[in-house]
Number of protein chains: 2
Amino acid sequence: MNAHIITIGDEILIGQTLNSNAAFIGEELTKIQIDVRKSSVISDNEEEILKEFKRCLNENDLVIVTGGLGPTHDDITRTCIVKFFHTELVNNYEVLEDIKNLLNKRGKKITKTNEGQALVPKNAVVIRNSLGTAPGIWIEKENKIFTAMPGVPFEMHQMMNAFVIPKLKEKLINSDYYIKMLTLQTTGIGESDLFEKLGNLDELLNGAKLAFLPSQFGVKLRITVKEGNEESANNKMSEILQRIRSKSGRYIYSDKEESLEEVVGRLLIERGLIISIAESCTGGYISNLLTNISGSSAYFERGVVTYSNASKIEILKVDEDVIEKNGAVSLEVARQMAEGIKSISGSDIGLSITGIMGPTGAGIDKPIGLVYIGLCDDKVCTAKKFNFGDLRLRNKQRAAQAALEMIRRYILGISYDE
Amino acid sequence: MNAHIITIGDEILIGQTLNSNAAFIGEELTKIQIDVRKSSVISDNEEEILKEFKRCLNENDLVIVTGGLGPTHDDITRTCIVKFFHTELVNNYEVLEDIKNLLNKRGKKITKTNEGQALVPKNAVVIRNSLGTAPGIWIEKENKIFTAMPGVPFEMHQMMNAFVIPKLKEKLINSDYYIKMLTLQTTGIGESDLFEKLGNLDELLNGAKLAFLPSQFGVKLRITVKEGNEESANNKMSEILQRIRSKSGRYIYSDKEESLEEVVGRLLIERGLIISIAESCTGGYISNLLTNISGSSAYFERGVVTYSNASKIEILKVDEDVIEKNGAVSLEVARQMAEGIKSISGSDIGLSITGIMGPTGAGIDKPIGLVYIGLCDDKVCTAKKFNFGDLRLRNKQRAAQAALEMIRRYILGISYDE
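Residues numbered from 1 in each chain as written. Chains lettered and ligands numbered in written order. Predicted model: local features only at pLDDT ≥ 70, side-chain atom pairs only at ≥ 80, totals over all residues.

(A) Layout of the overall build of chain A. The helix and strand tally for chain A stands at 16 helices and 17 strands. By principal-axis analysis of the C-alpha atoms, chain A measures approximately 80 × 60 × 40 Å. The buried share among the 418 residues of chain A stands at 47%. Across chain A, contacts joining residues at least 24 apart in sequence account for 64% of those joining residues at least 6 apart. (Helix = DSSP H or I, 4+ residues; strand = E, 2+ residues; numbered from the N terminus. Buried ≥ 20, exposed ≤ 12 C-beta atoms within 10 Å, placed from the backbone. Contact = placed C-beta atoms within 7 Å.)

Structure (structure tokens):
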């Protein structure tokens, strides 16, 4: 089965909103072996919408649409669906009940605008929306599937998980091949260096496909194996993984779609370690990442964002003279910050970070992108120097990723020397 | 001039990477009045790429492509361009020098892989890349413009700003209408409520267009005015703005594409106020947002992420008995946290936040999404209760936005009572 994802909305075209919906749908379809051929973004314009519906349904088995189903005047997707399928709107009492219940839970009365949302195309199966007032639409016609959902991400996610994906799974017939896809996540090495470290790709891959996906967090390696059945796909994937790991295993922090903070969180729990963090230049970003993980209170005790020198001295007992002599962005201050946070929190690990994120703040010997990361446990205190780039937010992300990687390498005993 | 944006890369289609490139390009083109008609994402597949080039160049004046120009084997965009335009690759010595210089700065020698990147299509103008090794490509043919850039966002941004946008500006001819677009950013009010507050839209808009764009940060209102010339577009926009502000001004925090933390930062600087933040449930996210802004050290003194009860008691001097009696997620603890951070930092404003982000941690009277935000100055200490939703990361974002809005309303003296 192949699919086309249509996102409707000027806000996406003109760059006000990132198209996270197409990404989510693409990921979910790929997981159940549906081939996402193309994705398009079109304007809230009737003519364009009708043209795109026609073209995409001609070329694909499945068309998934998001956006333009909301309660306001600029939501025209439903009208277009009615025209496209030559049908009409009818009142759906189940949906009306859903809307009333939802508003009731929020302590609100139903308005005329809300009531209008219970009107659905006559030929459609309704996808109920437990998190919002706009229902989704599912239409099957001439062996093709057409489905439309509202563009609010968490409403759409819930409808995909509860209705669309299970329904598609039923429809999927057995095919004569099996595709296995796996992504290795690396950090601390650039794309070209990694490419050269892997050597001869034909030997490495034996017919499989490998894609390099660089970002500020590291380079992902996506491996795609296509074999006659699941077992031989699994075997081939294992062989490739073994070869890649032998060449660059130390840089790989995961073989799943997970973040480095998830990996670090799991390692901390496994080892029963508690961490506390003292941040200067990253301004709370590392603590934020660690506490994005549910259950992080088991290993994250506290964080401090010691942005001013006064706060470094008062909270972390960093030596005023050391700041005076070396500057706040220095190996020695990083070390003292890590010692300080470990000591006041009583945690097993104290991690610290200080640096210059830009665009201002650079000195003669201290360029933008200069960062020191410190790590102390009961026995040792180390600090390491990094040089990142020129862009502030990117530097925060790269610095945080490097700090998380330092924790990972500390726990697993992976050195930074080659 | 109308445009189509093509993004090449399986990683976008299968949802591994968000399409931030199309968003950036869409935004930049819109700013110079180029009409972004459509955007599409296609696979790293030669046949698909050639088909899409043809269709898009037929239907549009301008086609902008990103992705697939990197140094590795899976980057096939350049080959496709050569085939599509029936041309050949030639060595470009300027590009070769750029690559050598860039690698030299990083302390690296040029490799064979890098050298290959100096090959460019014969019919193309080269777009030089100061931040990476892959050059961009600019081709004009039969009154159409075709341009391709690498998919690494910050390299592409630099090429857009330095080359593509200036070049497009030269090409733009005067048109007989003028489009003005403006976005109002609101927070603290839902889409339907805002819609009803605005009343009769025909009267409000007088022929202009209005779009509602909801997200976890609030609802954006995008107003589009199309008039014969710039002056009458400006006048009409002013009238509409005045009418909207009179109906729902208190919820509007900006009429620009800026974040609430930027607005709050500017207000703090204008009033000469210093703030410090004590976070529990948001785990450093608010401090992180405030310090995303360059120059934030002028108003952000320090932050603490008092995740454990011990840290609330030790750092912020929250009363242990009050935690025991009311729980860490309570109005009283929020108030004491705000008092504590104000007192230890000596800042003008102390802001605090404590809540239950989920999925675990809910109690009988304390559902997931319950959040208290406290704010103290020299005279008053207040705290306010909020109820957000069920999803952890979304709750962090909504809670942080509500906290920033509380600072904005405090500074501007806007009450929460209607």
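(B) Representation of the relation of the copies chain B and chain A within the structure. Of the transformation placing chain B onto chain A, the axial shift is 0.0 Å and the rotation is 180 degrees, giving an RMSD of 0.1 Å. Taken together, the rotation and translation describe the operation of a two-fold axis. Most of the interface of chain B is mirrored in chain A, where 97% of its interface residues again form contacts. (Least-squares fit on C-alpha atoms with pLDDT ≥ 70 in both.)

(C) Structural detail: the pairing of strand 9 (residues 178-186) of chain B. Residue and element names in this part refer to chain B. Across eight bridges, strand 9 lies against strand 11 (residues 218-227) in antiparallel orientation. Looking across to strand 11, one finds that glutamine 185 is bridged to lysine 220. Relative to strand 12 (residues 252-254), strand 9 is paired through two bridges, and the arrangement is antiparallel. Of the residues in strand 12, the one forming a bridge with glutamine 185 is serine 254. (Pairing = 2+ DSSP bridges.)

(D) Region of the structure containing the environment of A:Cys376. Position of A:Cys376 among the secondary structure elements: in strand 16 (residues 370-376). For the pair A:Cys376 and A:Ala298, spaced 78 residues apart in sequence, the C-alpha separation works out to 19 Å.

(E) Seen up close, the nonpolar core. Counting residues in hydrophobic clusters, the biggest one holds 101 residues, and the most contacted among them are A:Ile373, A:Ala403, B:Ile373 and B:Ala403. B:Ala403 has contacts with B:Ile286, B:Leu351, B:Ile353 and B:Ile373, leaving out every residue within four places of it along the chain. If you look at the next biggest cluster of nonpolar residues, it comprises 86 residues, including A:Cys80, B:Ile12, B:Ala23 and B:Val152. (Core = buried A, V, L, I, M, F, W, Y, C linked by C-beta atoms within 7 Å.)

(F) Representation of the interface of chain B and chain A. Each partner contributes to the interface: chain B provides 71 residues, whereas chain A provides 70 residues. It is strand 2 (residues 35-42) of chain B that contributes the most residues to the side of chain B that touches chain A, seven residues altogether. In terms of residue class, the side of chain B that touches chain A is made up of 26 nonpolar, 32 polar and 13 charged. As paired elements, strand 2 (residues 35-42) of chain A and strand 2 of chain B share five bridges and run antiparallel to each other. Opposite A:Val41, over in strand 2 of chain B, you have B:Ser39 as the bridge partner. (Nonpolar A, V, L, I, M, F, W, Y, C, P; charged D, E, K, R; others polar.)

(G) Local environment of the domain arrangement of chain A. Residue and element names in this part refer to chain A. You can read the domains of chain A as domain 1 (2-171), domain 2 (178-254) and domain 3 (260-412). For domain 2 and domain 3, the distance between their C-alpha centres works out to 31 Å. At the junction of the two partners, domain 2 supplies seven residues and domain 3 supplies eight residues. Class assignment of the residues belonging to the side of domain 2 that touches domain 3 gives a composition of two nonpolar, five polar and no charged. (Domains from an automatic or database assignment.)

(H) Seen up close, the sheet that holds strand 17 (residues 381-387) of chain A. The strand order across the open sheet built from ten strands is 17(A)-16(A)-15(A)-13(A)-14(A)-14(B)-13(B)-15(B)-16(B)-17(B), with neighbouring strands paired in mixed fashion. Taken across any chain shown, the strands that pair with only one partner, and hence form the sheet edges, are strand 17 of chain A together with strand 17 (381-387) of chain B. Adjacent strand axes in the sheet meet at a mean angle of 10 degrees, parallel and antiparallel pairs treated alike. Both strand 15 (residues 349-355) of chain B and strand 16 (residues 370-376) of chain B contribute to a ladder of six bridges, which runs antiparallel. Residue pairing in the sheet places B:Gly350 in a bridge with B:Cys376 of strand 16 of chain B. (Axes fitted to C-alpha atoms, helices over the stretch in contact; angles between N-to-C directions.)

(I) Spatial organisation of helix 2 (residues 20-31) of chain A. Across its twelve residues, helix 2 of chain A extends 17 Å between first and last C-alpha, which sits within 8% of the 16 Å expected from 1.5 Å per residue. Buried residues along helix 2 of chain A sit against strand 1 (2-8), strand 2, strand 3 (62-66) and helix 7 (153-171) of chain A together with helix 1 (10-13) of chain B. (Expected span 1.5 Å × (residues − 1).)

(J) Just the sheet that holds strand 12 (residues 252-254) of chain A, in detail. Residue and element names in this part refer to chain A. Across the sheet, four strands lie side by side as 10-11-9-12; this open sheet has antiparallel pairing. In this open sheet, the two edge strands, each paired with only one partner strand, are strand 10 (209-215) and strand 12. The mean inter-strand angle of the sheet, taken between neighbouring strand axes irrespective of direction, is 30 degrees. Sheet topology places strand 10 next to strand 11 (residues 218-227); seven bridges connect them, and they run antiparallel. Residue pairing across strands places phenylalanine 212 opposite leucine 221, the latter belonging to strand 11.

(K) Examining unusual backbone geometry more closely. Residue A:Pro359 follows A:Gly358 across a cis peptide bond; omega there is -5 degrees. Structurally, A:Pro359 is set in the loop between strand 15 (349-355) and strand 16. The backbone of B:Asn143 shows a phi angle near 65 degrees, a positive value even though the residue is not glycine. Positive phi, normally seen in glycine, also occurs at B:Lys317, with a value near 60 degrees.

(L) Region of the structure containing the pairing of strand 15 of chain B. Residue and element names in this part refer to chain B. Counting buried residues in strand 15 gives seven out of seven residues, a clear majority hidden from the surface. Alternating residues of strand 15 divide into Ile349, Leu351, Ile353 and Gly355 and Gly350, Ser352 and Thr354, and every residue in both groups is buried. Note: strand 13 (residues 275-279) against strand 15, five bridges, orientation parallel. Its bridge partner lying in strand 15, isoleucine 275 is registered against isoleucine 349.

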